[in-house]
Amino acid sequence: MSLLTMEAVEAYYGAIQALKGISLQVNEGEIVTLIGSNGAGKSTTLKSICGQVKTKGRIVFNGKDMISEQPHLIALGGIAHVPEGRRIFPKLTVKENLEMGAFSVKDKRLIKQRIEQAFTYFPRLKERYHQAGGTMSGGEQQMLAIARGLMMNPKILLLDEPSMGLAPVLVDQIFEIIQELNEAGMTILLVEQNAYHALQIAHRGYVIQTGEIIMHDDAAKLLSNNQVKEAYLA
Ligand code: ATP
């Protein structure tokens, strides 16, 4: 069943049109990846889902029209966005960052429960519980950013370049965790420049080029597609 559907979505930064009619679908339980080169419109696609950029077209999430919805209502509706570059609160501790992620939850016990649950995926964060986010390594900060995204118990995680700037061993770890989250039931839309890795864990993929989807297929088929190999897997 489709959890997220985008139909002919256009996005604008002032006079600049960054998306020229994107259509894509993410079904419940899937990892769908959006791959493409620098400036193709990957981040803008996620921002348009989250109401962070001026958008036209149709976005339906969980049966509800989302276009022009307020960003905080979109978050409350079950969409967690983990933006590029991690953007954790550097001066706040791991604990405080996670609590901020559960901004609308009043029940302290529930917050604690969700933190404990996040630690099952990210035991490293438990060891760093009282450390300021900004003093942690890049990989730990990425883990914190994803864990923070989980704190609202979302229906979908939108991940923007989670592997960016990480050492290869950490890239492997992050992709493994994304897969574990999915196996536990989380639906994921994954934006990546690391197309090879992304397609290895995804069920399906879309290729975006200058604001348009030029191809979509099962991830395994994209991995063996010559055009994809040449342009994105070289
Ligand atoms: P990258 O991997 O480099 O982040 P991307 O595929 O995520 O690339 P976007 O960030 O979505 O690409 O950018 C799509 C287009 O929109 C680019 O041409 C970019 O220059 C433009 N763009 C993005 N953000 C803005 C902005 N705030 N103001 C003006 N143009 C922007």
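Just so it is clear, the model here is predicted, and its values are computed rather than measured.

1. A short note on the site of the ligand
Lining the immediate environment of the ligand, one finds 13 residues, of which N38, G39, K42, S43 and T44 sit closest. Between the ligand and N38 there is a distance of 2.8 Å, counted from an oxygen atom to a side-chain nitrogen or oxygen. Measuring from an oxygen atom of the ligand, one finds a side-chain N or O atom of T44 at 2.5 Å. When the ligand sits alone it has 630 Å² of accessible area, and the protein chains cover 63% of it. Here the shell around the ligand gets three residues from one element, more than from any other, and that element is helix α1 (residues 42-49). Split by residue class, the shell around the ligand holds three nonpolar, seven polar and three charged.

2. Some remarks on the sheet that holds strand β4 (residues 54-61)
Strand order in this open sheet of four strands is β2-β1-β4-β5, and the pairing throughout is antiparallel. The open sheet terminates on both sides in strands that have one partner only, identified here as β2 (16-27) and β5 (64-65). Taken together, the two bridges between β4 and β5 define a ladder with antiparallel strand orientation. Note that in β5 the partner of V60 across the bridge is D65.

3. Some details on the packing of aromatic side chains
How two aromatic rings sit relative to each other is set out by the distance from centre to centre and by the angle between their planes. Taken as a whole, this structure holds one aromatic pair when the rule is applied. Arranged with centres 5.6 Å apart and planes meeting at 80°, the rings of F119 and Y129 form a pair that is edge-to-face. Placement of the pair is F119 in helix α4 (residues 108-121) and Y129 in the loop between α5 (123-127) and α6 (138-150), with a sequence separation of 10 residues. Side by side, F119 and Y129 carry an identical accessibility label, which is buried.

4. Comments concerning the sheet that holds strand β6 (residues 79-82)
Hydrogen bonds between backbone atoms are what pair the strands of a sheet, whose relative direction is either parallel or antiparallel. Pairing within the open sheet is mixed, and its six strands lie in the order β6-β7-β8-β3-β9-β10. Of all strands in the sheet, those with a lone pairing partner are β6 and β10 (212-218), marking the two edges. When the angles between neighbouring strand axes are averaged without regard to direction, this sheet yields 15°. Pairing analysis gives four bridges linking strand β3 (residues 31-35) to strand β9 (residues 204-209), with the strands arranged parallel. Residue pairing for β9: V32 is matched across the bridge by R204. Against the sheet, α6 engages β6 and β7 (156-160), with an angle of about 165° to β6.

5. So, the nonpolar core
The tendency in soluble globular proteins is for nonpolar side chains to be buried side by side. Within the largest apolar cluster, 48 residues are counted, with the highest numbers of intra-cluster contacts made by F122, L125, L157, I178, L181 and I188. Residues in contact with I188, not counting those within four places in the same chain, are V26, E30, I31, V32, I156, L157, L159, I178, L181 and N182. By size, the runner-up hydrophobic cluster in this structure holds 27 residues, among which are L19, I22, L24 and F61.

6. Things to note about α6
Taking 1.5 Å of rise per residue, the 13 residues of α6 would be expected to cover 18 Å, and the 19 Å separating its terminal C-alpha atoms lies within 8% of that figure. Across the 13 residues that make up α6, a large majority, 12, are buried. Within the sequence span of α6, burial applies to G139, E140, Q141, Q142, M143, L144, A145, I146, A147, R148, G149 and L150. Against β6, α3 (94-101), α4, α5, β7 and α7 (168-183) lie the buried residues of α6.

How each quantity is defined
- Residues numbered from 1 in each chain as written.
- Predicted model: local features only at pLDDT ≥ 70, side-chain atom pairs only at ≥ 80, totals over all residues.
- Heavy atoms only, no water.
- Near = heavy atom within 4 Å.
- Polar contact = N/O pair within 3.5 Å; in protein donor to acceptor, adjacent residues only side chain to side chain.
- Areas by Shrake-Rupley, 256 points an atom, 1.4 Å probe, with all protein chains shown as cover.
- Helix = DSSP H or I, 4+ residues; strand = E, 2+ residues; numbered from the N terminus.
- Nonpolar A, V, L, I, M, F, W, Y, C, P; charged D, E, K, R; others polar.
- Pairing = 2+ DSSP bridges.
- Phe/Tyr/Trp six-rings, centres within 6.5 Å; stacked < 30°, edge-to-face > 60°.
- Buried < 20%, exposed > 50% of the residue type's maximum accessible area, 1.4 Å probe, protein only.
- Axes fitted to C-alpha atoms, helices over the stretch in contact; angles between N-to-C directions.
- Contact = heavy atoms within 4.5 Å.
- Core = buried A, V, L, I, M, F, W, Y, C linked by side-chain atoms within 4.5 Å.
- Expected span 1.5 Å × (residues − 1).

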